[in-house]
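Survey of secondary and tertiary structure
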Amino acid sequence: MASEPKYPIREVSRLTGINPVTLRAWQRRYGLLKPARTDKGHRLYSEEDIALIRRILHWLEQGVSIGQVKGLLASPTPVAEGSNWEQAQARLLAAAQELNLGRLEAELLELTSLYPAELLLRRVIEPWLLALAGQARPDAGLIEQSARALLLRLCYQLLTIKTGPRIALARAGQVGELHTALAQFELQGLECRSLDLGVLDAQALPLAMARLKSPVLVVLLGAGLTQSWFREAQAQLPEACFFVGELGELYRQQGWMARPYAASLSDIVRKHDAAFGLVQN
């Protein structure tokens, strides 16, 4: 017996990590979802719909494009793992190397409309940025700088969420503006708003947090931090403070870091959902 549709799209987004824009695109463009409607036309999803979304995510994780998923849901077959992500990386790299910024922008916007932010960042954007940085050609710097500038602009353009938990972001150590913008984009994919505080000023932080109505602070960790930095910052950080960054493990092994941390924002949200849930809209 089918379960009763009872979950609005925002709740489904919270449960699955897929933002409403992407859920609507999967329905309109590919017919993957068929939610019920309220009398006022609002979408309502059932337990079966949520299970289906998780099956779609499973195929996407394997490297299947969203356009191929419908056929695989009906008749599962083995796939070449990672192929869609590798093709997307290659398209972005080719457009960047040709300095075809119009095509690069179109490719990025298409990807952001169809795939969850966390998956897109992990499987396409981050490997693409590494490939840009690793080019061995005379114009490599120009190609990388123009592509990163475009990506930064698009990240800010895509930050349109108006509701949801309000998360403050600050960076410590060697963390660039693009890294912060990508973190804000990932938070939006998790249905969270973000406030960029820039470089962390631990002394001014208690005054700022009291005014921002954001009891949660996420600190993006970069290279160059010292034991004395952690010791001095510790007393000024709010109770709900989380460190994010791959260097967190190194700092933890040194015995410098006493706050929760993870390599990515999505990992922090999964591990500490209750803490994030304390934030009011």
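A brief structural summary. (Residues numbered from 1 in each chain as written. Predicted model: local features only at pLDDT ≥ 70, side-chain atom pairs only at ≥ 80, totals over all residues. Heavy atoms only, no water.)

**Focus: the overall build of the chain**
Each helix and strand counted, the chain has 14 helices and eight strands in total. For a compact globule of 281 residues, the expected C-alpha radius of gyration is about 19 Å, and the chain comes in at 20 Å, within 12% of that figure. Overall size of the chain, expressed as C-alpha extent along the three principal axes, is 60 × 55 × 35 Å. Of all 281 residues assigned to the chain, the portion counted as buried reaches 48%. Of the contacts made within the chain by residues no fewer than 6 positions apart, 65% connect residues no fewer than 24 positions apart. Working note: accessible area of the chain is about 14200 Å², and carbon and sulfur atoms make up 53% of it. (Helix = DSSP H or I, 4+ residues; strand = E, 2+ residues; numbered from the N terminus. Rg over C-alpha atoms; globule rule 2.2 N^0.38 Å. Buried < 20%, exposed > 50% of the residue type's maximum accessible area, 1.4 Å probe, protein only. Contact = heavy atoms within 4.5 Å. Areas by Shrake-Rupley, 256 points an atom, 1.4 Å probe, with all protein chains shown as cover.)

**Notes on the environment of D201**
Relative to the helices and strands, D201 is located in the loop between β5 (193–199) and α10 (205–212). By relative accessible area, D201 is classed as partly exposed at 45%. For the pair D201 and Q236, spaced 35 residues apart in sequence, the C-alpha separation works out to 9.4 Å.

**Description of the sheet that holds strand β2 (residues 36–37)**
One open sheet holds the three strands; their spatial order is β1-β3-β2, and the pairing between them is antiparallel. Single-partner strands in this sheet number two, and they are β1 (7–8) and β2. Summarising the sheet, β1 and strand β3 (residues 43–45) pair through two bridges and their orientation is antiparallel. By the bridge assignment for β3, P8 is matched with L44. Sheet contacts for helix α2 (residues 20–30): β2 and β3; angle to β3, the most-contacted strand, approximately 95 degrees. (Pairing = 2+ DSSP bridges. Axes fitted to C-alpha atoms, helices over the stretch in contact; angles between N-to-C directions.)

**A short note on the pattern of salt bridges**
A full pass over the atoms with the stated rule returns eight salt bridges. Across the salt bridge formed by R91 and E107, the nearest N and O atoms sit 3.1 Å from each other. Note that R91 is positioned in helix α5 (residues 83–97) and E107 in helix α6 (residues 101–114), a separation of 16 residues in sequence. Judged by its relative accessible area of 17%, E107 falls in the buried class. Salt-bridge contacts for R153 lead to E105; the nearest nitrogen and oxygen are separated by 3.0 Å. Of the two residues, R153 sits in helix α8 (residues 140–158) while E105 sits in helix α6, which places them 48 residues apart along the sequence. The exposure class assigned to R153 is partly exposed, which follows from its relative accessible area of 40%. Given a relative accessible area of 22%, E105 falls into the partly exposed group. Each of E61, R122 and R123 takes part in one network of salt bridges that share partners. (Salt bridge = Lys/Arg side-chain N within 4 Å of Asp/Glu carboxyl O.)

Geometric values such as these leave the question of function open.
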